[in-house]
Amino acid sequence: IWSNPKEYRYIVFDDISLGTVDKILPKKKFFILATRIENIREIYISKDILIYILKNIFKSSLKVNYICSLIKSIKPKKIVTIVDNSHDFYFIFNRFKNSNISFYAIQNAYRHNIYLKKLFSLSNYSGNYFCFGNYELNCIKNNKLTENTSNIKAIGSLRIEVAKEYLIKNKKKDLKTNYDICFISEAVFQMSTSGAPNTTSYVEAQKSSIKLLQYVLSFCEKNKKKLLFLGRDSAIQNREDAKEEELLYYKYGNKNKNFNIQFFDKTKFEHVKHLLRSDVVVGLASTLLRESFGLKKKILVCDWRKKSNYIGTDFFPSSGIVKLESQKYSDFEKRMKEILRLDYKQYLSKVIDPKATYNLNFNTMKFLRKEMLK
């Protein structure tokens, strides 16, 4: 496109943010800024853009300079992303931190203490950061990762709140509880990192996943409970054999092979619909466990990872009935029976520090929409 882009009040940073961030912005008033090379479908070329790139050629990569030149042309008031671990976002914040542009990073997945330190140190970030709960909030404040702590707020998960709004509005009749237990697959993460140097962590994680599945299958068979085995987004990998690979991941080394995995279309929030229809959600370290907390679901986190092999040992910062460290089946069965017996209010009373995990009873959508209009 042989011109500058048009001016917009808002920029959605990284097109992966679409479907979530755009739900809090006025329609047609935002520019979608693709930041991943494989997703860039059009290139703007103009005298202004070329001059900007040439002037800053030794400051950053060609891609970062190009993105900055677009931002300079668009003249936004606010730049918003849900890809809060994007290094490009923090580099670009550093370039514009003395401008009148407000930056918003909204937490998208689990971020532990050391991870947050690395992100904020990329640019001495002082923009807005909206996180799941008090754990991240306190990590940032206690470690003095930013001078402007008033911009850090625990608001819950935007992704989950958007899904809730959509499902309750469009499919309320389909949200009745239909499953006793939902087991969350974490195979895709393990498969995608199977070639990483730290193979010990990979093997231990796989063993834990298989063991937990065996426990869940045995428990459901013994106690006649209905199970939903929730896989991953069917579009997450473009390979045709991705689903088969995930099935093989769990069937390898598992004595009980009598199960199927329910895959879903993330764009239709089918995974959240499945969570809403389940009484108890069980898993090891998926972000969906923390987000299920925001759905006011009863959660059981089996914290079976060896602390020495994981930097983020406080993945689920709340404790009490919600967390099980014992790997004995008898303890798992006893805990599951207790959780199933309780209603949500009784269950929550047995969770220690629930707000560390998720800021419950907070109107996320109302807050963010109001914030965007400032």
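Worth saying up front: this structure is predicted, and the values here are computed from it rather than measured.

**Considerations on helix 15 (residues 364-372)**
Consideration 1: For helix 15, every residue scored as buried is listed here: Thr364, Met365, Phe367, Leu368, Glu371 and Met372. Viewed along the axis of helix 15, the buried residues span an arc of 165°, placing them on a single side of the element. Projecting away from the buried face of helix 15 at angles above 90 degrees are the exposed residues Lys366 and Lys370.
Consideration 2: On its buried face, helix 15 is in contact with strand 1 (10-13), strand 3 (78-81), strand 4 (102-106), strand 5 (128-131), strand 6 (152-154) and helix 6 (158-170).

**Some words on the packing of aromatic side chains**
Consideration 1: Counted by the stated rule, this structure contains 23 aromatic pairs.
Consideration 2: Each ring, one from Phe89 and one from Phe103, has its centre 5.6 Å from the other, and the planes form 70°; the classification is edge-to-face. Here Phe103 lies in strand 4 and Phe89 lies in helix 3 (residues 87-96), a separation of 14 residues in the sequence. Phe103 carries the same exposure label as Phe89, and that label is buried.
Consideration 3: Geometrically, the ring pair formed by Phe120 and Tyr129 is edge-to-face, given 5.5 Å between the ring centres and 70° between the ring planes. As far as the burial class goes, Phe120 and Tyr129 line up, both buried.

**Overview of the sheet that holds strand 6**
Consideration 1: Here we have 6 strands laid out as an open sheet, ordered 2-1-3-4-5-6, and parallel in their pairing. A single partner strand is all that each edge strand has here, and the edge strands are strand 2 (30-33) and strand 6. Going from strand to strand, the sheet's axes swing by 20° on average, the running direction of each strand aside.
Consideration 2: Bridge count between strand 5 and strand 6: 3 bridges; the pairing is parallel. Within strand 6, the residue paired with Tyr129 across the bridge is Ile152.

**Details of helix 5 (residues 134-142)**
Consideration 1: Those residues of helix 5 that sit buried are Tyr135, Glu136, Leu137, Cys139 and Ile140.
Consideration 2: Turning to helix 5, the residues buried within the fold contact helix 4 (113-121), strand 5, strand 6, helix 11 (287-294) and helix 14 (354-357).
Consideration 3: Count one or two residues on from helix 5 and you reach Lys144, which has phi positive near 50°.

**Brief notes about the packing of helix 1 (residues 47-55) against helix 2 (residues 62-74)**
Consideration 1: Where helix 1 contacts helix 2, the axes come no closer than 9 Å and their chain directions differ by 135°. Accordingly, the angle class assigned to the pair helix 1 and helix 2 is oblique. In this structure, helix 1 crosses over helix 2, and the sense of that crossing is right-handed. Judged by residue contacts, Ile49, Tyr52 and Ile53 of helix 1 engage Leu62, Asn65, Tyr66, Cys68, Ser69, Leu70, Lys72 and Ser73 from helix 2.

**Overview of the pairing of strand 4**
Consideration 1: Of all 5 residues making up strand 4, 4 are buried, and the element is well covered by its neighbours.
Consideration 2: Looking at chain direction, strand 3 and strand 4 are connected through 4 bridges and run parallel. Looking at strand 4, one finds that Thr81 is bridged to Ala105.
Consideration 3: Handedness of the strand 3-helix 3-strand 4 crossover: right-handed.

Calculation criteria
- Residues numbered from 1 in each chain as written.
- Predicted model: local features only at pLDDT ≥ 70, side-chain atom pairs only at ≥ 80, totals over all residues.
- Heavy atoms only, no water.
- Buried < 20%, exposed > 50% of the residue type's maximum accessible area, 1.4 Å probe, protein only.
- Helix = DSSP H or I, 4+ residues; strand = E, 2+ residues; numbered from the N terminus.
- Arc of directions from axis to C-beta.
- Contact = heavy atoms within 4.5 Å.
- Phe/Tyr/Trp six-rings, centres within 6.5 Å; stacked < 30°, edge-to-face > 60°.
- Pairing = 2+ DSSP bridges.
- Axes fitted to C-alpha atoms, helices over the stretch in contact; angles between N-to-C directions.
- Parallel < 35°, antiparallel > 145°, perpendicular 65-115°, else oblique.
- Left-handed = near helix turned anticlockwise from the far one by under 90°.
- Right-handed = clockwise from strand over helix to strand, strands pointing away.

Bear in mind that shape data such as this cannot, by itself, settle questions of function.
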